[in-house]
Amino acid sequence: MTGQSDLKLERNDLLMNANFIAGKWQPAVSGNRHNVMNPANGMIFAEVPDSDAQDAAAAVNAASDAFFSWRKTTNRERSKLLKTWHALILANTEDLARLMSMEQGKPLAEARAEVAYGASYVEWFAEEAVRAYGDILPPLMPGRRQMVVKEPVGVVAAITPWNFPLAMIARKIAPALAAGCTVIAKPAEDTPLTALALVRLAEEAGFPSGTLNIICASRQNAEPTVAIWLHDPRVRKITFTGSTPVGKYLARESADTLKKLSLELGGNAPFIVFEDADLDAAVDGLMRGKFRNSGQTCVSPNRVYVHEAIHDDFAGRLAARVRALTVGPASNPTAEIGPMINERAIDKINRHVKDALSKGAVVLTGGNTVRDHIADGPFYYSPTILTNSSEEMALFCEETFGPVVPLFTFSNEDEVIQKANQTPFGLAAYFYTQNAARICRVSSQLEAGVIGINEGVVASEAAPFGGIKESGYGREGSKYGLDDYMQLKYLCEGELA
Ligand code: ADP
């Protein structure tokens, strides 16, 4: 069965079903293909190449050849191409959003917002490209001139997840190309179509052949395909967003050729509501942060700590908002919560909730799959609040990645900081308080790369995004983001006196 008829695009050429290597759209060498499913109804609606080592090797050859001339282009030339690409992305927002909703399931309004968000990184790095300044050092002896210049690292392999099919790949490709690197990319097996459309628009923008290459692979073939890149010494950097176990594997496997790495891995974000918080603002921040993309974000508040004095009041206000959320497919314009990406995702949510209930948690609202209520698909989960949550539960230790809010209580600041940090992860953390001194104390003690203070949605192209501890290293966006794709070279001239 196919759901193809549901997908209406203004430009049919944005529905690509091939790899893009050395400026040519082509099938996998093996001719194998894999299916793309619409998670709203479980139907297959497209096919893309199921690549393997041969395609991965061809992509490295193309990117490596292209690097010699691409690195010599001026920063201004690269900036102009990125600006053209940015304009094309925005001009095709509606088609990109439809493709994204179809393969990922997010409501159309969220998909449109993601196009704007992803495009903002392309614009940002078009602007940063021309500001990749080096240094001139004051000489410490006569007759010397010492300079530091920034150079592109070389071929960059980008491996991306399915939760933000456009933004995650845009914020890797854009700084890489801005820096003068060439790119080989592999999007997530669940969501290749948005990435292919993005590359189609880059081709239209006029990037020279070989500068940007993309290949698709099934889950089964992801490992053997990417392994070629991990072991090829010409690939100088791996940039990855995804799970911590896969990130660690990539770091281990690429160690033989000592590649530069940017790893944006899993999180387990605490969200703390102190007794002096503005409760309506805290509820609002939690709703926006938690339910964006149906809870499938790595910065999603995963453990919500509410001071015992305000717990019941907060829980009541939150429950009223959560019960009002509309669950449904992207084709329903009022839908706020879409389907989960696949069976694996819904199984994990079910496992977490069952485990929590068996250990004393209480359902305030939700707590079940909603397949009985929505005839067209098996991957919906009702927005859920659990009270009485505790540290023994799986949802305390692992990212749930779904629309589930576990509420924990606490009685003092030191205790909650200790609990918030009691995780190997350190991506995002949030807290709400109106006490200025507390803002200072808590923000300096929370172990995370990104902190929301009286704010539930923090990502921006102007800010450095990334984690500490086992949430990875490297930063995306901001003035620091370009440096991840560049290396320093020190030039020392003598005999000048
Ligand atoms: P998730 O569990 O959310 O799918 P993953 O970390 O498994 O997160 O996947 C993120 C990206 O990493 C996807 O593009 C996926 O295909 C890729 N990936 C998963 N496993 C491997 C692997 N062993 N080698 C290379 N890439 C992988």
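Keep in mind the model is a prediction, meaning the values are calculated, not measured.

S.K.: What exactly am I supposed to notice about the nonpolar core here?
M.R.: Across soluble globular proteins, nonpolar side chains show a tendency to be buried alongside one another. Judged by nonpolar contacts, the single largest core of 64 residues is most densely connected at Leu82, Trp85, Ile89, Phe207 and Ile214. Beyond its immediate chain neighbours, meaning those up to four positions away, Leu82 contacts Val122, Phe125, Ala126, Ala174, Leu177, Ala178 and Phe207.

S.K.: I'm lost on the site of the ligand in this one. Help?
M.R.: Near the ligand there are 17 residues, and of these Thr160, Lys186, Glu189, Arg219 and Ser243 occur at the shortest range. One nitrogen or oxygen atom from the side chain of Lys186 is found 2.9 Å from an oxygen atom belonging to the ligand. In this structure, Arg344 approaches the ligand through a side-chain N or O atom, which is 3.4 Å from an oxygen atom. If you list the elements that add at least two residues to the shell around the ligand, you get helix H7 (219–231) and helix H8 (244–253).

S.K.: Looking at this structure, how should I read the pairing of strand E4 (residues 43–49)?
M.R.: Strand residues, when the strand is regular, have side chains that alternate between the two faces of the sheet. Where strand E3 (residues 33–38) lies against E4, six bridges are found, and the strand directions are antiparallel. When the sheet's bridge partners are listed, His34 is paired in E4 with Val48. Linking E3 to E4, which pair antiparallel, is a turn of four residues; within it Gly42 sits at a positive phi near 75°.

S.K.: Whenever I open this one, the packing of helix H2 (residues 75–91) against helix H4 (residues 108–129) confuses me. Can you help?
M.R.: The relative placement of two packed helices is expressed as an angle between their axes plus a distance between the axes. Where H2 contacts H4, the axes come no closer than 8 Å and their chain directions differ by 165°. One way to sum up the angle between H2 and H4 is to call them roughly antiparallel. The interaxial crossing formed by H2 with H4 has left-handed handedness. In contact with Asn75, Ser79, Leu82, Lys83, Trp85, His86, Ile89 and Leu90 of H2, H4 contributes Val115, Ala116, Ala119, Val122, Glu123, Phe125, Ala126 and Ala129.

S.K.: How should I be thinking about the packing of aromatic side chains in this particular structure?
M.R.: Geometrically, a pair of aromatic rings is defined through the distance of the ring centres and the angle of the planes. As enumerated under the stated definition, the model contains eleven aromatic pairs in all. When the centroid spacing of 4.6 Å and the interplanar angle of 35° are considered together, the rings of Phe20 and Trp25 count as tilted. On the accessibility criterion, Phe20 (6% relative accessible area) is buried. A relative accessible area of 24% means that Trp25 is categorised as partly exposed. Residues Tyr117 and Tyr121 carry aromatic rings whose centres are separated by 5.2 Å and whose planes lie at 85° to one another, so their mutual orientation is edge-to-face. Separated by four residues within a single helix, Tyr117 and Tyr121 lie in helix H4, roughly one turn from each other. Each member of the pair, Tyr117 together with Tyr121, is buried. Through pairs of rings, three or more aromatic residues link up here, namely Trp70, Trp85 and Phe207. For the cation-ring pair, Arg171 lies above Phe465, with the distance from its terminal atom to the ring centre recorded as 4.4 Å.

S.K.: Looking at this model, I keep getting lost on the environment of Val226. Mind explaining?
M.R.: For Val226, the position within the fold is in helix H7. Owing to a relative accessible area of 6%, Val226 belongs among the buried residues under this scheme. Put simply, Val226 and Lys489 are 263 residues apart on the chain and 29 Å apart in space, counted from C-alpha to C-alpha. Apart from the residues within four sequence positions on either side, Val226 is in contact with Ile159, Lys186 and Leu250.

Criteria and thresholds
- Residues numbered from 1 in each chain as written.
- Predicted model: local features only at pLDDT ≥ 70, side-chain atom pairs only at ≥ 80, totals over all residues.
- Heavy atoms only, no water.
- Core = buried A, V, L, I, M, F, W, Y, C linked by side-chain atoms within 4.5 Å.
- Buried < 20%, exposed > 50% of the residue type's maximum accessible area, 1.4 Å probe, protein only.
- Contact = heavy atoms within 4.5 Å.
- Near = heavy atom within 4 Å.
- Polar contact = N/O pair within 3.5 Å; in protein donor to acceptor, adjacent residues only side chain to side chain.
- Helix = DSSP H or I, 4+ residues; strand = E, 2+ residues; numbered from the N terminus.
- Pairing = 2+ DSSP bridges.
- Axes fitted to C-alpha atoms, helices over the stretch in contact; angles between N-to-C directions.
- Parallel < 35°, antiparallel > 145°, perpendicular 65-115°, else oblique.
- Left-handed = near helix turned anticlockwise from the far one by under 90°.
- Phe/Tyr/Trp six-rings, centres within 6.5 Å; stacked < 30°, edge-to-face > 60°.
- Lys NZ or Arg CZ within 6 Å of the ring centre and 35° of its normal.

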